[in-house]
Amino acid sequence: LIPEDSDMDMSNFSEDDEDSIVFSWLKKFGILVFEIVKVVLISLAIILPIRLFLVQPFYVEGASMEPNFYQNEYLIIDEISYRFNEKERGEVIIFKNPKNTKAYFIKRVIALPGETVTIKVGRVFIGEEMLEEPYIENFSSENHEAITLGDNEYFVMGDNRTNSLDSRMLGAIH
């Protein structure tokens, strides 16, 4: 529907030109797909090692660490220092539940390998010395007999002592 008096010359237009246009669009689409795949692969090459070896995300489930960590808080855990440094008293750690390895616990390290831990009226004693725990708001009134930890054993407890499944029930962790 080109006017007769148009300066547009249609004599050079052929089906080969249509094929050329289709080929050109297919080539551009192929380049687009290639670029998208390249970006995804480069992103995975960067993100996966970071996710697997450097940092680990976790959601807090339960009230065992309140008032310091609350239900559904999102934590990013530093995996490097966790792998290469010894655990220290007072440090918060995340470990697999010894009874259900699909679940994780978040607890605080209370006693280290070789130490003897006792709980008297809710207060923790390492040997004969009472442990200062400024992160605890409400102490329980329970007692727990003395436990001497072996090599590579740790005694861990939640900060919410009245609502925590920890080494008092599970025993020492490795």
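Scroll up for the structure.
Predicted model only: the values in this text are computed from it and were never measured.

Topic: the layout of surface pockets
Part 1: The space that makes up the largest pocket amounts to roughly 220 Å³.
Part 2: Around the largest pocket, the lining comprises 13 residues; the ones closest to its centre are Y59, E61, Y104, F105 and I106.
Part 3: Elements supplying a minimum of two residues to the lining of the largest pocket: β1 (55-59) and β4 (100-111).
Part 4: Of all the elements, β4 adds the most residues to the lining of the largest pocket, at 6 residues.
Part 5: Taken together, Q56, F58, I77, E79, Y82, I94, F95, K96 and Y104 form the lining of the second largest pocket.
Part 6: Those elements that provide at least two residues to the lining of the second largest pocket are β1, α2 (79-84) and β3 (92-97).
Part 7: Among the residues making up the lining of the second largest pocket, the classes are represented as 6 nonpolar, 1 polar and 2 charged.

Considering the pattern of salt bridges
Part 1: Summed over all chains, the structure comprises 6 salt bridges.
Part 2: Across the salt bridge formed by E142 and R168, the nearest N and O atoms sit 2.1 Å from each other. Of this pair, E142 sits in the loop between β7 (129-130) and β8 (144-148) while R168 sits in helix α3 (residues 167-170), placing them 26 residues apart in sequence.
Part 3: Using a relative accessible area of 29% as the deciding quantity, one classes E142 as partly exposed.
Part 4: Residue R168 is classed as buried on the basis of its relative accessible area of 9%.
Part 5: The salt bridge involving D166 is made with R168; its shortest N-O contact spans 2.8 Å.
Part 6: Overlapping salt bridges, with partners in common, bring together E142, D166 and R168 in one network.

A short note on the sheet that holds β4
Part 1: One open sheet holds the 3 strands; their spatial order is β3-β4-β9, and the pairing between them is antiparallel. In this open sheet, the two edge strands, each paired with only one partner strand, are β3 and β9 (155-157). Within the sheet, the average angular offset between the axes of one strand and its neighbour, ignoring direction, is 55°.
Part 2: As judged from the 3 bridges shared by β4 and β9, these two strands associate in the antiparallel manner. Bridge pairing in β9 links A111 to F155.

Parameters at a glance
Residues numbered from 1 in each chain as written. Predicted model: local features only at pLDDT ≥ 70, side-chain atom pairs only at ≥ 80, totals over all residues. Heavy atoms only, no water. 1 Å grid on protein atoms, 1.4 Å probe; cavity = no way out; pocket = protein on both sides within 12 Å on 5 of 7 lines; lining within 4 Å. Points joined across faces, edges and corners; volume = space filled by probe spheres on them. Helix = DSSP H or I, 4+ residues; strand = E, 2+ residues; numbered from the N terminus. Nonpolar A, V, L, I, M, F, W, Y, C, P; charged D, E, K, R; others polar. Salt bridge = Lys/Arg side-chain N within 4 Å of Asp/Glu carboxyl O. Buried < 20%, exposed > 50% of the residue type's maximum accessible area, 1.4 Å probe, protein only. Pairing = 2+ DSSP bridges. Axes fitted to C-alpha atoms, helices over the stretch in contact; angles between N-to-C directions.

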